[in-house]
Amino acid sequence: MSPAPKVNIIIYTLYHHIYTLALSVQEGLKEAGVDAKILQVPETLSEEILEKMHAPPKPDVPIATLDDLVEADGVLFGFGTRFGQMPAQFKAFLDSTGGLWAKGALAQKFGGIFFSTASNHGGQETTAMTTVTYFAHHGITYVPLGFANPHLFNVEEVVGGSAWGSGTIANGDGSRQVSDKEKEIGVTQGKNFGTIVKTFVAGKAE
Ligand SMILES: Cc1cc2nc3c(=O)[nH]c(=O)nc-3n(C[C@H](O)[C@H](O)[C@H](O)COP(=O)(O)O)c2cc1C
């Protein structure tokens, strides 16, 4: 039997909202029968700055390397927004992929995004949209979430996420935790993404 398709979930998280959501996305990927690992990009802020920002210790997951992009059939990127776009830490990681781009090493893979903002209107969609350019340049097929989970229609309470991917709202002081509905949306994203990757990998092997 051929090995399970691989999806690497690569995150940057300062206050663990994205890590929590990544665990739900991972759960969905596993439900789809896909091998799913969580990794994090290297931090670029000093310990002194992290302390001033009251950042807790990083989650206990390995540091991502470029091989983690190459070896995967699909990649899901997760990060909290910075001024409506990805954080510099993640950009530094992706900006080191020039050599892979030159070889077309990431073409024919799949990519998706999940995100976190402080407020409802803090730029969830712009964060996703401005990340899609990386997928386009690498020839990675971007997989949106669509309105695949009914919680995305909920207007009775704050629910992060959109057609672009799952998401959470952290509040300005980080006090709001990922809600059950947001976790369920994360599971849906993982499951749907995993199903697409699995179907493609099986088709290629035929
Ligand atoms: C420099 C900086 C810029 C930020 N810009 C935004 C922003 O544009 N919109 C927003 O809603 N939140 C913004 N935030 C809040 C972060 O997105 C929030 O802390 C993050 O989503 C929490 O996720 P995490 O716990 O996984 O790090 C910003 C935070 C920092 C430190």
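Cut-offs used in this document
- Residues numbered from 1 in each chain as written.
- Predicted model: local features only at pLDDT ≥ 70, side-chain atom pairs only at ≥ 80, totals over all residues.
- Near = placed C-beta within 6 Å.
- Helix = DSSP H or I, 4+ residues; strand = E, 2+ residues; numbered from the N terminus.
- Nonpolar A, V, L, I, M, F, W, Y, C, P; charged D, E, K, R; others polar.
- Buried ≥ 20, exposed ≤ 12 C-beta atoms within 10 Å, placed from the backbone.
- Pairing = 2+ DSSP bridges.
- UniProt positions renumbered as here; feature names shortened; annotations may be inferred.
- Contact = placed C-beta atoms within 7 Å.
- Axes fitted to C-alpha atoms, helices over the stretch in contact; angles between N-to-C directions.
- Parallel < 35°, antiparallel > 145°, perpendicular 65-115°, else oblique.
- Left-handed = near helix turned anticlockwise from the far one by under 90°.
- Core = buried A, V, L, I, M, F, W, Y, C linked by C-beta atoms within 7 Å.

1. Focus: the site of the ligand
And then number 1: As a matter of local geometry, the ligand sits amid 19 residues, with Tyr 15, Gly 80, Ser 116, Thr 117 and Gly 122 nearest to it.
And then number 2: If you list the elements that add at least two residues to the shell around the ligand, you get α1 (17-31) and β4 (110-117).
And then number 3: Residue composition of the shell around the ligand, by class: 6 nonpolar, 12 polar and 1 charged.

2. A closer look at the pairing of strand β2 (residues 35-40)
And then number 1: Judged by which residues are buried, β2 turns out to be one-sided: Ala 36, Ile 38 and Gln 40 face inward and are buried, whereas Asp 35, Lys 37 and Leu 39, on the alternate face, are not.
And then number 2: Pairing analysis gives 6 bridges linking strand β1 (residues 6-12) to β2, with the strands arranged parallel. Residue pairing in the sheet places Asn 8 in a bridge with Lys 37 of β2.

3. Some details on the UniProt feature "domain: Flavodoxin-like" (unreviewed entry) in the chain
And then number 1: Using the residue numbers shown here, the UniProt feature "domain: Flavodoxin-like" (unreviewed entry) corresponds to residues 7-193.
And then number 2: When the span residues 7-193 is considered, its composition is 35% helix and 17% strand, and the gap between its end C-alpha atoms is 9 Å.

4. Quick word on the pairing of β4
And then number 1: A large share of β4 lies buried, amounting to 8 of its 8 residues.
And then number 2: Of the two faces of β4, the one carrying Phe 110, Gly 112, Phe 114 and Ser 116 and the one carrying Gly 111, Ile 113, Phe 115 and Thr 117 are both buried.
And then number 3: By the bridge criterion, 7 bridges tie strand β3 (residues 74-80) to β4 in an arrangement that is parallel. Counterpart to Phe 79 in the pairing with β4 is Phe 115.
And then number 4: Taken together, the 2 bridges between β4 and strand β5 (residues 141-142) define a ladder with parallel strand orientation. Within the sheet, the bridge partner assigned to Phe 110 lies in β5 and is Thr 141.

5. Quick look at the environment of Val 34
And then number 1: You can see Val 34 is positioned in the loop between α1 and β2.
And then number 2: Here Val 34 is in contact with Ala 4, Pro 5, Val 7, Leu 29, Gly 194, Val 197 and Lys 198, once residues within four sequence places are set aside.

6. Some thoughts on the packing of α1 against helix α8 (residues 180-205)
And then number 1: Their axes nearest at 6 Å, the elements α1 and α8 cross at an angle of 40 degrees. Relative to α8, α1 is oriented oblique. Considering the relative orientation of α1 and α8, their crossing is right-handed. Contact residues: Leu 21, Ser 24, Val 25, Gln 26, Glu 27, Gly 28, Leu 29 and Glu 31 in α1; Glu 182, Lys 183, Gly 186, Val 187, Thr 188, Gln 189, Gly 190, Lys 191, Phe 193 and Gly 194 in α8.

7. Considering the nonpolar core
And then number 1: The biggest cluster of nonpolar side chains holds 41 residues, and the ones touching the most others in it are Val 7, Ile 9, Ile 11, Ala 22, Leu 76, Phe 79 and Phe 90.
And then number 2: Counting residues per element, the ones that place at least two in this core are β1, α1, β2, β3, α4 (88-94), β4, α7 (132-138) and α8.
And then number 3: For this core, the element with the highest residue contribution is α1, accounting for 6 residues.
And then number 4: When residues no more than four places from it in sequence are discounted, the contact partners of Val 7 are Leu 29, Val 34, Ala 36, Ala 72, Asp 73, Gly 74, Val 75, Leu 76, Phe 193, Gly 194 and Val 197.

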